[in-house]
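# Structure assessment
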Amino acid sequence: MTNPDVIHETIILGSGPAGLTAAIYAGRSRCCPLLIHGIQPGGQLTTTTAVDNFPGFPEGIDGPDLMENMRRQAERFCARFVEGEVTRVDLQERPFRIWTGEEMYRCLSLIITTGASPKLLDLGNEEALYGRGVSVCATCDGFFYRGREVVVVGGGDTAMEEAVFLTRFASKVTVVHRRDSLRATPVLADRALTHKAINFIWDSVLTEILEDSAGVTGIRTRNLKTGNENELACDGVFIAIGHRPNTELFLNQLEMDDDGYILTRNGTETNISGVFAAGDVQDHQFRQAVTAAGTGCMAAIQAERFLDNLPYDSTLSCKKGICMPKG
Ligand code: NAP
């Protein structure tokens, strides 16, 4: 059981690039931060194979390796990691309280990096085919489809951006959208609609992703107006039907936009002083590992400045990230 008297200087929720970068910076600058992560640490990058666009890796690096490197780097600066599913958070009183089931943790500052989860089609084999033809990130994986045929699912800004981006690599891009008009903003929609290499299948949903032992071989679609079913051969399926920020724990406590992303200002500050949000949980626009890492760094620096102004002695009474009140 956790010691209820212990007050941590900084707790970080989430272990993607934002959380791990926050842990590196918080670990270097003050006491050991405590990072709480779920059963699949590493965030969305662990679902992609090669990461080609993270600066510093000219040959690229596997997503899981990148996250493992970040974790080891954070551990070098005495960040501590605990596994647990956070079930409840109370930000109304200080110290803030966080529960993982029966365990309760208290902290003076909290960095939220719980990320966002891509919405899936619930076809059964999507997750199993990650890295073998199914992707939720064209920027991450498009490069691997050079000269191949791909499908993009969705009719929003992300789907249109991904479709246009994929034309740099793929020989053919087909967008499957469930209606006969796009949700995307006109400028992005027009760019895709007028692109010679992009075809559209309207009013249709995927009913199946076809596969063999090597990965994706095609899709089966159903036209929602006619009921007709069709098959289309392809090498990759990019699902771009939106993301869901992982913010349920903070409902009615933190200010969020209409889509549930945490609102931040002046960097990573939330509406509660001492609570910071970084990475995809507060960013629906860029969603890149490097931008998440950047905001994780900002959150740790802002948390440190916040802690500096609190009546706690971080040099004398702080042992292994555990803080006691001054005096
Ligand atoms: P989105 O706007 O929610 O669009 C999701 C698309 O997927 C919609 O076309 C939707 O169809 C479709 N969809 C949802 N669930 C589906 C399902 N189960 N089966 C089939 N299709 C499904 O998501 P987004 O495109 O990721 O954009 C999210 C936010 O980020 C938006 O505010 C967007 O403007 C913003 N964004 C901006 C930029 C930019 O400005 N450059 C780039 C990317 C994203 P319906 O249309 O029928 O609902």
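Here's what I pulled together on the structure shown here. (Residues numbered from 1 in each chain as written. Predicted model: local features only at pLDDT ≥ 70, side-chain atom pairs only at ≥ 80, totals over all residues. Heavy atoms only, no water.)

Turning our attention to the nonpolar core. If you look at soluble globular proteins, the nonpolar side chains tend to sit buried side by side. Counting residues in each nonpolar core, the largest one holds 32 residues, and the members touching the most others are F54, L66 and I111. When residues of this core are assigned to their parent elements, the largest contribution, 8 residues, is made by helix α6 (residues 289-308). Ignoring sequence-local partners within four residues, the contact set of L66 consists of L45, V51, F54, F57 and I61. Ranked by size, the runner-up nonpolar core spans 22 residues in total, among them A138, F169, A192 and F200. (Core = buried A, V, L, I, M, F, W, Y, C linked by side-chain atoms within 4.5 Å. Buried < 20%, exposed > 50% of the residue type's maximum accessible area, 1.4 Å probe, protein only. Helix = DSSP H or I, 4+ residues; strand = E, 2+ residues; numbered from the N terminus. Contact = heavy atoms within 4.5 Å.)

Pairing is antiparallel in the open sheet, where 3 strands are placed in the order β14-β15-β16. Two strands close off the open sheet at either side, each with one partner strand: β14 (204-212) and β16 (229-233). For this sheet, the mean inter-axis angle between neighbouring strands, taken without regard to orientation, is 25°. One ladder, built from 5 bridges, connects strand β15 (residues 215-223) with β16; its direction is antiparallel. Along β16, the bridge assignment pairs R220 with E231. (Pairing = 2+ DSSP bridges. Axes fitted to C-alpha atoms, helices over the stretch in contact; angles between N-to-C directions.)

Okay, the side chain of H37 next. The topology assignment puts H37 in strand β2 (residues 34-37). The contact partners of H37, leaving out residues within four places of it in the chain, are S15, R71, F81, V82, E83 and G84.

We now examine the site of the ligand. Near the ligand lie 15 residues; those nearest to it are D157, T158, E161, R179 and R183. At a separation of 3.0 Å, an oxygen atom of the ligand approaches a polar backbone atom of G155. Contacts to the ligand include G156, whose backbone N or O atom sits 3.2 Å from an oxygen atom. No other element matches the 3 residues that helix α4 (residues 157-166) contributes to the shell around the ligand. Partitioning the shell around the ligand into residue classes produces 3 nonpolar, 7 polar and 5 charged. (Near = heavy atom within 4 Å. Polar contact = N/O pair within 3.5 Å; in protein donor to acceptor, adjacent residues only side chain to side chain. Nonpolar A, V, L, I, M, F, W, Y, C, P; charged D, E, K, R; others polar.)

What follows is about the state of the cysteines. What we call a disulfide is simply a covalent bond connecting the sulfur atoms of a pair of cysteines. Applying the stated criterion across every chain yields a total of 2 disulfides. Across the disulfide, C32 is cross-linked to C78 (sulfur-sulfur distance 2.1 Å). Disulfide C32-C78: torsion about the S-S bond near -100°, hence left-handed. Taken as a pair, C32 in the loop between α1 (17-29) and β2 and C78 in the loop between α2 (63-76) and β5 (80-83) lie far apart in primary sequence, 46 residues in all. By relative accessible area, C78 is classed as partly exposed at 30%. Its sulfur unpaired, C297 is 17 Å from the next cysteine sulfur, which belongs to C78. Look at C297 and you get buried, because its relative accessible area is 16%. (Disulfide = S-S within 2.5 Å.)

Glancing now at the pairing of β14. Relative to β15, β14 runs antiparallel, the two sharing 8 bridges. Across the sheet, residue S204 finds its bridge partner in β15, namely N223. The antiparallel pairing of β14 with β15 creates a hairpin that spans 2 residues between the two strands.

Let's shift gears to unusual backbone geometry. As a rule of thumb, non-glycine residues mostly have phi less than zero, and peptide bonds are mostly trans rather than cis. Cis geometry is adopted by the peptide bond preceding P95, which originates at R94 and carries an omega value of -10°. Along the chain, P95 falls in the loop between β6 (88-90) and β7 (96-100). Not every positive phi belongs to a glycine, and D122 is a case in point at roughly 60°. Examined against the element boundaries, D122 turns out to sit in the loop between β9 (116-118) and β10 (134-135). A positive phi angle, near 45°, is found at N266, a position not held by glycine. In this structure, N266 sits in the loop between β18 (243-245) and β19 (275-277).

Let's shift gears to the sheet that holds strand β17 (residues 236-239). Strand order in the open sheet formed by 5 strands is β10-β17-β11-β12-β13, with parallel pairing between adjacent strands. The sheet terminates laterally at β10 and β13 (198-201), the two strands that pair on one side only. By the bridge criterion, 4 bridges tie strand β11 (residues 149-153) to β17 in an arrangement that is parallel. Directly across from V153, in β17, lies its bridge partner I239. Sheet contacts for α4: β11, β12 (172-176), β13 and β17; angle to β11, the most-contacted strand, approximately 170°.

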